[in-house]
Amino acid sequence: MEKVKVIITNKQKAVKIPAGIRMLIRRACNAVLTFENFEGPAEVNVNFVDEDEIRKLNNEFRGIDAYTDVLSFPLGENGKYDLNPETGAQMLGDVVISVPQAVRQAQEYDHSFQREMAFLTVHSMLHLLGYDHVDGGIEAVKMREKEEHVLSQLGVPRNASYYMEE
C-alpha cells in the first residue's frame with residue numbers, strides 16, 4: 001500500500017482532544033487500507049464535530065433529524081475514486097465524528113475514549129470502501145469482524161485502553 005494522507009480537522013470545542021488521538025486516527029485509516037489491500041495513494045478527511053453539527057449533517061444528507069456518532073461521505077463507488085489532480089491520490093471521502101457522542105459511548109460501553117474514536121474511524125473507513133451494515137445479516141457480521149480485526153491490530157481490542165504521545 002502506498003502513502004495515505006489523512007487530513008484531520010477539529011471543528012468542535014466541546015471536548016479537548018487528548019494527545020495521541022490524531023496519530024491513532026491516522027494509524028486506524030492506514031490499518032483499514034492495509035487490511036483491505038488497498039492499492040495506490042489515498043486521501044481521507046476526518047472531521048471532529050459537535051452534536052449540533054452532526055445532527056444537521058445527518059438531517060441534510062440522510063433525512064434523519066437525530067444525533068449520531070459518525071457519518072461517512074464516500075467519494076467513490078465500486079472501487080473507483082475521484083483523483084486529486086495535484087497529487088494523483090484517490091480521494092476516499094470524508095469521515096465526520098461527533099466527539100461528544102464518542103465520549104458518551106466510551107462510557108456506555110465501558111472502554112476508553114481512544115478505543116471509541118478508533119472504532120468510529122475504522123467503521124467509517126469501511127463505509128468509504130463500500131461496506132454496509134444497514135440491512136443487517138451477513139454483511140453486518142462481516143463488517144463487524146473486519147472492525148474488530150483492525151482494532152486488535154491497532155492494539156485497541158475490546159476493553160483495552162490506548163495512550164500514545166503525539
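Below is a short write-up of the structure. (Residues numbered from 1 in each chain as written. Predicted model: local features only at pLDDT ≥ 70, side-chain atom pairs only at ≥ 80, totals over all residues. Heavy atoms only, no water.)

Turning our eyes to something else, we now look at the layout of surface pockets. The space that makes up the largest pocket amounts to roughly 410 Å³. If you trace the largest pocket, you find 18 residues lining it, with Arg62, Val70, Ser72, His127 and His133 closest to the centre. Taken together, the elements giving at least two residues each to the lining of the largest pocket come down to α2 (51-62), β3 (70-74) and α4 (113-128). A total of 5 residues in the lining of the largest pocket trace back to one element, the largest contributor, which is β3. Here the lining of the largest pocket is built from residues that sort into 9 nonpolar, 6 polar and 3 charged. Considered as a void within the structure, the second largest pocket measures approximately 160 Å³ in volume. (1 Å grid on protein atoms, 1.4 Å probe; cavity = no way out; pocket = protein on both sides within 12 Å on 5 of 7 lines; lining within 4 Å. Points joined across faces, edges and corners; volume = space filled by probe spheres on them. Helix = DSSP H or I, 4+ residues; strand = E, 2+ residues; numbered from the N terminus. Nonpolar A, V, L, I, M, F, W, Y, C, P; charged D, E, K, R; others polar.)

Another point: the packing of helix α3 (residues 99-108) against α4. At a minimum axis distance of 8 Å, the contact between α3 and α4 shows a crossing angle of 120°. By the angle class used here, α3 and α4 are oblique. Along this stretch, α3 crosses α4, giving a crossing that reads as right-handed. The segment α3 lies against α4, with Val99, Ala102, Val103, Gln105 and Ala106 engaging Phe113, Glu116, Met117 and Leu120. Of the residues assigned to the contact of α3 with α4, the class counts are 7 nonpolar, 1 polar and 1 charged. (Axes fitted to C-alpha atoms, helices over the stretch in contact; angles between N-to-C directions. Parallel < 35°, antiparallel > 145°, perpendicular 65-115°, else oblique. Left-handed = near helix turned anticlockwise from the far one by under 90°. Contact = heavy atoms within 4.5 Å.)

Right, let's talk about the pattern of salt bridges for a bit. Applying the stated rule across the entire model yields 8 salt bridges. For glutamate 53, the salt bridge is made with lysine 56, and the minimal N-O distance between the two is 3.6 Å. Here glutamate 53 pairs with lysine 56, and both are found in helix α2, just 3 residues apart, close to one helical turn. The class for glutamate 53 is partly exposed, based on a relative accessible area of 28%. Linking arginine 115 and glutamate 148 is a salt bridge whose minimum nitrogen-to-oxygen distance equals 2.9 Å. Of this pair, arginine 115 sits in helix α4 while glutamate 148 is found in helix α5 (residues 137-154), placing the two residues 33 residues apart along the sequence. Per residue, the accessibility class of arginine 115 equals that of glutamate 148, and both read buried. (Salt bridge = Lys/Arg side-chain N within 4 Å of Asp/Glu carboxyl O. Buried < 20%, exposed > 50% of the residue type's maximum accessible area, 1.4 Å probe, protein only.)

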